[in-house]
Amino acid sequence: MRQQSPSHLPGPHLPAIDGLRGIAVTSVLLYHLHAAIVPGGFLGVDIFFVISGFVVSLSLPSTGATNMFTLLRIFYARRAVRILPALYVCVLITTLFSIALLPYSWLSGTIDASAKAALLGYSNIVLARGDGDYFAPNAEFNPFTHTWSLAVEEQFYAVFPLLFLPFLNGHKTRSRSLFLVAAAASLVLAWGWRSTQQTASFYYIVSRFWELGLGVLAFQWSTLVPPKQWRVALAGASLISAAAIVYALGIPNHTPYPGSLLPCTATAALLWLIRSNTLAPVVNTCLTQPVLRYLGRISYSLYLWHWPIIVLLRWTCGITGIVPMLAAPIMALGAAALSYRLVETPPRRALSAGALTAGGAIGMAVLAIAITYNLEKNLWPLRNLASLSTVNRNKAEWSPEIMAKSPASGCRLVRAGSTSVVGSVTDFTRAGCAPAAGVQPTLFVVGDSHAWAYQSMLGINVLGSGAPARLYTLAGCAVLGVESANTAHCRTFLTSSLHDVSTRARLGDVVFLPGLRIRRLTDQFVGYGEANARAQMDYEAQWRADNLAATLPQLRDLLKTRASVVLEAPKPEFFAPNFRCADWYTWTNPVCAERGTIARSKIEAFRAPVLAQFQAVQRALPAIAVWDPLPILCPGPICSANSSGHPLFFDGDHLSSYGNQKLAPYFKAFVDALAVPQNRAGSQNRAGSQNRAGS
């Protein structure tokens, strides 16, 4: 092959590339709508990376830039008007809708951080450290998850001009070598991270560089003109490349390695063949269809808008069923068309026509980002005031870590974090009022997120009595919990936490051990159902026996401190996460079909193995007490997640602040009885028997 003069090469706009973009964005949209439609549809993002590397390279030779200053000025002006206006308009509008509609929870905890990061080009880093795996359920509830790919591209653009300038100066081999070495190193890193650092491999530029670099290399080698006798073979290669892309999109896979290797190399080959005008006629006809070309032209705006629309539907009315499945793409296409026409196109045309200088474009983009960032930063704190969600407007009733008001006039609750053991440790004391009379017993609480959800109740007790509390928590890790015996990190947490308690506890203190002990019926993002819970119960008998044998020595050590040790009987659980079903615009969501009620008889059946386990504990260690919140939370034959319009539970099984307030007097009376030294043993045994009878 020979080097071809730029004057003999096709111009920067190649219609078939629009069609290729259209395929990529359509596959991503359909995958996000329902993964079964296009199982490998997320690979459309990988295809976009290759196309981006090719297109940004294709646009530069005609600028005449031969020095770094000119290249940077032109390149970043073009990138700014191409990416930023549509991005920050989308982020701002999505932020407004998110504030208005989304209840705050751990599912939405990284939304505001990723929105700010999206404006500044590092949302991929925030998402990797916050929401974790792209395919994890919580990522599906963040309307800014998709901006990770824009951040990767923007980070690529930070080094691209440095590597590409030699190509513009005639040192083509040097530039090709730089990109080849960088892409090869990135591919090796992606290969090395494929099992050990999957989240980092997915999100970070260092393991994605090879995909964008492949597009650049496809352009740089497209200046080589293939001999005429190769044209038939190359046309056949285009058929194979197109088939490879279709095949990759049709099967479930993993990215960026090895799953994206086939579609990325096939895309690079197609781009090379498009520019050399050697596509098979059938491939060229398919890629230049008017519908595909239009989707390709609006692909950036369509990519920006499709995901927030899907996520907002998922949070509100739901994204299952024929109506939302049809409404989502229609809404996305409408928003994309408006964005392309009103936001994307005008600044690009102004720059091309000379009405907007390169320096002005960069300056306007920087100013717009600064203004948008500050507006967006000041919007999120207004969530409680501007939100339509009752969860946000009544946070003092919903969030278990918040107390509605102080029960002791003049006192304030002081919480101090510590890292003396694995997991988190929080000390609760009161200040600003007279100290409690005499030496007050300390309440030690060790457990999982359900222990964490007792913060409001602990605060009420501390403010009312002056007795301090110390809370040890690690998600999923509770004494005799459903997960703790099976994971090394839980065993480490429980061993270190209980040892710390043993060194601190004294006569009259109370050690409270709450936690999840029956299988969940729902998580915040998906329901598990009754059948799954019953199936889990069928094979847990031996597991519970092993867990009991491993736990008894730890409980025996706690009793040696002469502190009272209290286990918590299981609370009610529900089929729907309460906070996701609290607002009128969520009532049609299939997640909320159960409407927060369950028969008490079902809860009793789920609790039976746990209560039997507790009876075995009390036979071995009669001083162990059992506190049962069920009679307060479910006094009748039907348990409800709400009481008289107030939430007892935040989600399907964690208490709300209001639920804490309901339980606080009951718990205080129980603890006060245990904390009387002279009646210690008798009160414990009576409390344990009363709870067994009451349950």
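Residues numbered from 1 in each chain as written. Predicted model: local features only at pLDDT ≥ 70, side-chain atom pairs only at ≥ 80, totals over all residues. Heavy atoms only, no water.

K.L.:
What's the story with the overall build of the protein chain in this structure? I'm lost.
P.N.:
Of regular secondary structure, the protein chain possesses 28 helices and 13 strands. If one aligns the C-alpha atoms of the protein chain with their principal axes, the spans along those axes are about 100 × 50 × 45 Å. Sequence separation of 24 or more characterises 79% of the internal contacts of the protein chain that already satisfy a separation of 6 or more. Carbon and sulfur atoms make up 63% of the accessible area of the protein chain, which amounts to about 27,900 Å² in all. The positive charge centre, built from 54 side chains, and the negative charge centre, built from 33, are 8 Å apart in the protein chain. (Helix = DSSP H or I, 4+ residues; strand = E, 2+ residues; numbered from the N terminus. Contact = heavy atoms within 4.5 Å. Areas by Shrake-Rupley, 256 points an atom, 1.4 Å probe, with all protein chains shown as cover. Lys, Arg positive; Asp, Glu negative; His and termini not counted. Charge placed at Lys NZ, Arg CZ, Asp CG, Glu CD.)

K.L.:
Is there a simple way to think about helix 24 (residues 541–559) in this case?
P.N.:
Think of an α-helix as turning once every 3.6 residues; residues three or four places apart then point the same way. With 19 residues, helix 24 extends 26 Å between its outermost C-alpha atoms, agreeing within 8% with the 27 Å of an ideal straight helix rising 1.5 Å per residue. Taken as a whole, helix 24 has its buried residues at Trp543, Arg544, Asn547, Leu548, Thr551, Leu552, Leu555 and Leu558. Residues of helix 24 that are buried make contact with helix 22 (488–504), strand 7 (510–513), strand 8 (564–568) and helix 25 (600–620). (Expected span 1.5 Å × (residues − 1). Buried < 20%, exposed > 50% of the residue type's maximum accessible area, 1.4 Å probe, protein only.)

K.L.:
I'm lost on the sheet that holds strand 7 in this one. Help?
P.N.:
In a beta sheet, neighbouring strands pair by backbone hydrogen bonds and run either parallel or antiparallel. Taken in spatial order, the 7 strands of this open sheet run 3-4-6-5-7-8-10, and their pairing is mixed. The sheet is open, and its two borders are formed by strand 3 (412–418) and strand 10 (625–627), each paired with just one other strand. Averaged over neighbouring strand pairs, the angle between their axes works out to 20 degrees when direction is ignored. Where helix 27 (residues 657–674) meets the sheet, it contacts strand 5 (443–447), strand 7, strand 8 and strand 10, and its direction lies at approximately 170 degrees from that of strand 10. (Pairing = 2+ DSSP bridges. Axes fitted to C-alpha atoms, helices over the stretch in contact; angles between N-to-C directions.)

K.L.:
Where do I start with the packing of aromatic side chains in this structure?
P.N.:
Aromatic ring pairs are described here by two measures, namely the spacing of the ring centres and the angle between the planes. Applying the stated criterion to the full structure yields 31 aromatic pairs. Measuring from centroid to centroid gives 5.0 Å for Phe160 and Phe164, while their planes differ by 25 degrees, and the two rings are stacked. Residue Phe160 and its partner Phe164 are both found in helix 6 (residues 148–168); the two are separated by 4 residues, about one turn of the helix. Take Phe160 and Phe164: they sit in the same class, and that class is buried. Among the aromatic residues, those joined into a cluster by ring pairs are Phe54, Phe75, Tyr76, Phe156, Tyr157, Phe160, Phe164, Phe167, Phe179, Phe209 and Phe219. Note that Lys172 overlies the ring of Phe167, its terminal NZ or CZ placed 4.9 Å from the centroid. A cation over an aromatic ring shows up here: Arg314 above the ring of Phe141, its NZ or CZ 6.0 Å from the ring centre. (Phe/Tyr/Trp six-rings, centres within 6.5 Å; stacked < 30°, edge-to-face > 60°. Lys NZ or Arg CZ within 6 Å of the ring centre and 35° of its normal.)

K.L.:
What is the right way to read the environment of Ala533 from this model?
P.N.:
As for its placement among the helices and strands, Ala533 is situated in helix 23 (residues 530–538). Its relative accessible area of 2% is what places Ala533 among the buried residues. Taking the C-alpha atoms as reference, Ala533 lies 6.6 Å from Leu521; in sequence the two are 12 residues apart. Setting aside chain neighbours within four positions, we find Ala533 in contact with Arg519, Leu521 and Phe606.

K.L.:
Just checking my understanding: could you explain helix 1 (residues 15–33) for this structure?
P.N.:
Between the first and last C-alpha of helix 1 there are 27 Å, a value that for 19 residues agrees with the 27 Å anticipated at 1.5 Å per step. For helix 1, the buried fraction is high: 15 of the 19 residues fall into the buried class.

K.L.:
Which parts of the structure should I look at to understand the packing of helix 21 (residues 455–465) against helix 27?
P.N.:
Packed helix pairs are characterised by how far apart their axes lie and by the angle those axes make with each other. Here helix 21 crosses helix 27 at 50 degrees, and the two axes come no closer than 8 Å. Between helix 21 and helix 27, the angle falls in the class oblique. Considering how the two elements wind past one another, helix 21 and helix 27 form a crossing that is right-handed. Judged by residue contacts, Gln455, Ser456, Met457, Ile460, Asn461 and Ser465 of helix 21 engage Ser657, Asn660, Gln661, Leu663, Ala664, Phe667 and Lys668 from helix 27. Here the contact of helix 21 with helix 27 is composed, by residue class, of 5 nonpolar, 7 polar and 1 charged. (Parallel < 35°, antiparallel > 145°, perpendicular 65-115°, else oblique. Left-handed = near helix turned anticlockwise from the far one by under 90°. Nonpolar A, V, L, I, M, F, W, Y, C, P; charged D, E, K, R; others polar.)

K.L.:
What is the right way to read the state of the cysteines from this model?
P.N.:
Linking two cysteines covalently via their sulfur atoms produces the bond known as a disulfide. According to the stated counting rule, one finds 4 disulfides in the structure shown. Here Cys411 pairs with Cys433 through a disulfide, and the sulfurs are 1.9 Å apart. On the S-S bond that ties Cys411 to Cys433, the torsion sits near 105 degrees, and the link is right-handed. Note that Cys411 is positioned in the loop between helix 19 (395–398) and strand 3 and Cys433 in the loop between strand 4 (424–431) and strand 5, a separation of 22 residues in sequence. Judged by relative accessible area, which is 10%, Cys411 ranks as buried. Taken N- to C-terminal, the disulfide-bonded cysteines of the protein chain are connected 1-2, 3-4, 5-6, 7-8. Of all cysteine sulfurs in the structure, the one in Cys317 sits closest to Cys90, which takes part in no disulfide; the separation is 18 Å. Taking relative accessible area as the criterion, Cys90 reaches 3% and is therefore assigned buried. (Disulfide = S-S within 2.5 Å.)

K.L.:
Explain unusual backbone geometry here, please?
P.N.:
Excluding glycine, most residues fall at negative phi; most peptide bonds, likewise, are trans. For Asn277, which is not glycine, the phi torsion reads 60 degrees and is therefore positive. Note on placement: Asn277 falls in the loop between helix 11 (261–275) and helix 12 (281–287). On the basis of relative accessibility, which here comes to 57%, the residue Asn277 falls in the exposed class. Even without a glycine there, the phi angle at Leu480 is positive, about 55 degrees. Tracing the sequence through the fold places Leu480 in the loop between strand 6 (469–473) and helix 22. By relative accessible area, Leu480 is classed as buried at 2%.

K.L.:
Hey, could you run me through the nonpolar core in this one?
P.N.:
In this structure, Trp148, Phe156, Phe160, Phe164 and Phe179 are the most contacted members of the largest nonpolar core, which totals 121 residues. Here the element with the most residues in this core is helix 3 (residues 68–101); it accounts for 13 residues. When residues no more than four places from it in sequence are discounted, the contact partners of Phe156 are Phe179, Ile205, Phe209, Leu212, Gly213 and Val216. Counting 73 residues, the second largest nonpolar core, distinct from the first, contains Ile598, Phe606, Ala616 and Trp627. (Core = buried A, V, L, I, M, F, W, Y, C linked by side-chain atoms within 4.5 Å.)

K.L.:
Any chance you could explain the environment of Gly464 here in plain terms?
P.N.:
With respect to the helices and strands, the residue Gly464 is situated in helix 21. Between the C-alpha atom of Gly464 and that of Arg430, which follows or precedes it by 34 residues, the distance is 9.0 Å.

K.L.:
Explain the packing of helix 22 against helix 24 here, please?
P.N.:
Where helix 22 meets helix 24, the axes come as close as 9 Å, and the angle between the chain directions of the two elements is 15 degrees. It follows from the interaxial angle that helix 22 and helix 24 lie roughly parallel. Pair helix 22 / helix 24 crosses with left-handed handedness. Residue-level contacts link Thr495, Leu498, Val501 and Ser502 of helix 22 to Gln554, Asp557 and Leu558 of helix 24. A breakdown of the residues in the contact of helix 22 with helix 24 according to their chemical character gives 3 nonpolar, 3 polar and 1 charged.

K.L.:
Is there a simple way to think about the side chain of Arg470 in this case?
P.N.:
Mapped onto the elements, Arg470 comes out in strand 6. A polar side-chain atom of Arg470 sits 2.7 Å from a polar atom in the side chain of Tyr472. (Polar contact = N/O pair within 3.5 Å; in protein donor to acceptor, adjacent residues only side chain to side chain.)

K.L.:
Can you help me understand a nonpolar patch on the surface in this one?
P.N.:
Where nonpolar side chains cluster on the molecular surface, the patch consists of Ile322, Val323, Leu326 and Ile330 and spans about 440 Å² of accessible area. Summarising the element assignment, Ile330 is placed in helix 15 (residues 322–352). (Patch = residues over 30% accessible without salt bridge, like charges linked within 9 Å, V, L, I, M, F, W, Y side chains within 5 Å. Salt bridge = Lys/Arg side-chain N within 4 Å of Asp/Glu carboxyl O.)

K.L.:
Explain the pairing of strand 6 to me, please; I cannot follow it from the model alone.
P.N.:
Remember that side chains alternate between the two faces of the sheet whenever the strand is regular. Across the 5 residues of strand 6, 5 count as buried, placing the element largely inside the fold. Alternating positions in strand 6 separate into two faces, Ala469, Leu471 and Thr473 on one and Arg470 and Tyr472 on the other, with burial throughout. As defined by bridge partners, strand 4 adjoins strand 6 across 5 bridges and the pair is classed as antiparallel. Bridging from a neighbouring strand, Ser424 pairs with Thr473 of strand 6. The sheet contact formed by strand 5 and strand 6 spans 5 bridges and is parallel. By the bridge assignment, Leu443 is partnered in strand 6 with Ala469.

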